[in-house]
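Descriptive structure summary
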Amino acid sequence: MPAPGALYRRAALGTLPGLGGGRRGVDLPAVEFAVAGVRIDRAHLADYDRVCGFRLTDRLPATFPHVLGFPLALRLMTAPGFPLPLIGLVHVGNRITTRRPITADETHDFTTYAENLRPHDRGRQVDVVLVGSVDGEEVWRGVSTYLGRERKADAGRDRSERPAAPAATARWRVEPRVGTEYARVSGDHNPIHTSRLGARLFGFRRPIAHGMWSKARCLAALETRLPDACTVEVAFKLPVPLPSTVNFTLLPDGGFALHDSRGRPHLAGLVR
């Protein structure tokens, strides 16, 4: 797997004039990256389980293959010609499909590619697809949607009153260490999650939790309810500032949500 730290340094340097920031493509590059023979480090899996709230077992949480393959997706998003700069990308959605239970003794192959570059009110969006296979069989697929902000939101957008938040099923305190601990176990060291200065550079008053930590924490709360094969889709709404208190709600028909103490949505999810 590529080294995430080096890729983040390359991405940061690419934002500086004369150091690669002008090599952006207009369209998605027709390229995919693959790594074979990825083994599970059980200590790494246990650390991930603890940070996200899962039980300590040899069965992989649905979100863990995202962490395993994330450096490969990062390599794709920092490749010359990728149309959106990594630094400043906003993770706005994620869909994970598990075909069957996956265990820590299996060896994985990963492939990643990008598709569906499309306009958005505030810039452009792209889907980064990560596929995990065991012995030639696809067992897991993740699709992460990222927004590259290229213009300000329309000042005339709908500001109608949002519906009241549903009653909370559970309430969680999210401490600042969540940002650094999840960065350590995931390899996602984006400074908006780990540094007050880094967060302020992108318009946040303090660091924010990783979106995939929020999704994983919700799935940990649903762990005993999830079927062996399912799709879990989430839309990331407002970021979760660190520290903060969030309300988790289990909804009818497979839905779930995170809201802040004022009822504003952080995440909306669905299991199907």
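In case you missed it, the structure is sitting above this.
Each value, and the rule that gives it
Residues numbered from 1 in each chain as written. Predicted model: local features only at pLDDT ≥ 70, side-chain atom pairs only at ≥ 80, totals over all residues. Heavy atoms only, no water. Helix = DSSP H or I, 4+ residues; strand = E, 2+ residues; numbered from the N terminus. Rg over C-alpha atoms; globule rule 2.2 N^0.38 Å. Contact = heavy atoms within 4.5 Å. Areas by Shrake-Rupley, 256 points an atom, 1.4 Å probe, with all protein chains shown as cover. Lys, Arg positive; Asp, Glu negative; His and termini not counted. Charge placed at Lys NZ, Arg CZ, Asp CG, Glu CD. Buried < 20%, exposed > 50% of the residue type's maximum accessible area, 1.4 Å probe, protein only. Expected span 1.5 Å × (residues − 1). Bend = angle between axes of the 7 residues up to and from the residue. Pairing = 2+ DSSP bridges. Axes fitted to C-alpha atoms, helices over the stretch in contact; angles between N-to-C directions. Polar contact = N/O pair within 3.5 Å; in protein donor to acceptor, adjacent residues only side chain to side chain.

1. Quick notes on the overall build of the chain
Across its full length, the chain carries 7 helices and 10 strands. For 272 residues, the compact-globule estimate of 2.2 N^0.38 gives 19 Å, and the chain sits close to it at 18 Å. Pairs at least 24 apart in sequence give 71% of the contacts found in the chain among residues at least 6 apart. Surface exposure of the chain reaches about 13500 Å², of which carbon and sulfur atoms provide 50%. Across the chain, 38 positive and 27 negative side-chain charges occur, with their mean positions spaced 9 Å apart.

2. Focus: helix α4 (residues 177–186)
For α4, the set of buried residues is Val-178, Gly-179, Tyr-182, Ala-183, Val-185 and Ser-186. Contacts made by the buried residues of α4 are with α2 (42–52), α3 (64–77), β6 (170–174), α5 (191–194) and α7 (211–221). Once α4 finishes, Gly-187 follows within two positions and takes phi at roughly 80°, a positive value.

3. Remarks on α3
Taking 1.5 Å of rise per residue, the 14 residues of α3 would be expected to cover 20 Å, and the 20 Å separating its terminal C-alpha atoms lies within 8% of that figure. By the largest-angle criterion, Phe-70 marks the main kink of α3, which is about 50°, and a proline, Pro-71, follows within four residues. In terms of residue burial, α3 counts as a mostly covered element, since 13 of its 14 residues are buried.

4. With respect to the sheet that holds β6
Strand order in the open sheet formed by 10 strands is β1-β3-β4-β5-β2-β7-β10-β9-β8-β6, with antiparallel pairing between adjacent strands. The open sheet is flanked by β1 (33–38) and β6, the only strands paired with a single partner. Adjacent strand axes in the sheet meet at a mean angle of 20° when their direction is disregarded. Strand direction decides the pairing type here: β1 and strand β3 (residues 108–120), joined by 4 bridges, are antiparallel. Looking across to β3, one finds that Val-35 is bridged to Phe-110. Sheet strands in contact with α3 are β1, β2 (90–98), β3, β4 (123–134) and β5 (137–149), and its direction is about 55° off that of β3.

5. Topic: the pairing of β4
Across the 12 residues that make up β4, a large majority, 12, are buried. Across 10 bridges, β3 lies against β4 in antiparallel orientation. Within β4, the residue paired with Asp-109 across the bridge is Ser-133. Hairpin connection, β3 to β4: the antiparallel pair is bridged by 2 residues. Two elements, β4 and β5, share 12 bridges in a ladder whose sense is antiparallel. When the sheet's bridge partners are listed, Gln-125 is paired in β5 with Leu-147.

6. Overview of the environment of Thr-245
In this structure, Thr-245 sits in strand β8 (residues 244–250). By relative accessible area, Thr-245 is classed as partly exposed at 26%. C-alpha separation for the pair Thr-245 and His-259, spaced 14 residues apart in sequence, amounts to 8.9 Å. With sequence-adjacent residues up to four places away left out, Thr-245 is seen in contact with Arg-171, Trp-172, Arg-173, Asp-260 and Ser-261. Looking at Thr-245, its side chain comes within polar contact range of the side chain of Arg-173, at 3.1 Å.

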